[in-house]
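Observations on the model geometry
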Amino acid sequence: QVQLVESGGGLVQAGGSLRLSCAASGRTFSSYVMGWFRQAPGKEREFVAAISRSGGDTIYADSVNGRFTISRDNAKNTVYLQMNSLKPEDTAVYYCAARIVDGARWYLRVTFVMEYRYWGQGTQVTVSS
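Residues numbered from 1 in each chain as written. Predicted model: local features only at pLDDT ≥ 70, side-chain atom pairs only at ≥ 80, totals over all residues. Heavy atoms only, no water.

Take the pattern of salt bridges next. When charged atoms on two side chains of opposite charge get close, those side chains can pair. A full pass over the atoms with the stated rule returns five salt bridges. Arg38 is paired through a salt bridge with Asp90; the nearest N and O atoms lie 2.9 Å apart. Taken together, the positions of Arg38 in strand E4 (residues 32–39) and Asp90 in the loop between strand E8 (78–83) and strand E9 (92–100) put the pair 52 residues apart, joining distant regions of the chain. Accessibility expressed as a relative area gives 1% for Asp90, which makes it buried. Asp90 is paired through a salt bridge with Arg67; the nearest N and O atoms lie 2.8 Å apart. Of this pair, Asp90 sits in the loop between E8 and E9 while Arg67 sits in the loop between strand E6 (58–60) and strand E7 (68–73); the two residues are 23 residues apart in sequence, bridging distant segments of the chain. In this pair, the class of Asp90 matches that of Arg67, namely buried. (Salt bridge = Lys/Arg side-chain N within 4 Å of Asp/Glu carboxyl O. Helix = DSSP H or I, 4+ residues; strand = E, 2+ residues; numbered from the N terminus. Buried < 20%, exposed > 50% of the residue type's maximum accessible area, 1.4 Å probe, protein only.)

Following this line, the structure appears as structure tokens:
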């Protein structure tokens, strides 16, 4: 089992940057595929980015590709989301999540909320225009 705690959210002007962190408990962090999701008021939770267990491969939603970067430090049990060129439509609660995947095809169904077993409590990101 793993517990996840997000931090780094806040209020920022459009065009600005934020860096989210997600600290994980437990000794098996490197065995989890990690993802970031977000949920705006009145909308469903949506996929933002995911990273493989080693950190060597990443996947992004089209809406953030080129602006956001996901990374991880397995020695620190932490996954990050660097967000640049923020837009008002990026305003949401951001969640990190962990999923268990057997084998090399970690990317299958990686955008599906139901594929992630563990979730953090979320951190609010607000982008003003």
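Another aspect to go through is the sheet that holds strand E1 (residues 4–7). Taken in spatial order, the four strands of this open sheet run E1-E3-E8-E7, and their pairing is antiparallel. Each edge of the open sheet carries a strand with a single partner, namely E1 and E7. Adjacent strand axes in the sheet meet at a mean angle of 15 degrees, parallel and antiparallel pairs treated alike. In this structure, E1 lies alongside strand E3 (residues 18–24), joined through four bridges in antiparallel fashion. Counted as the bridge partner of Leu4 is Ala24 from E3. (Pairing = 2+ DSSP bridges. Axes fitted to C-alpha atoms, helices over the stretch in contact; angles between N-to-C directions.)

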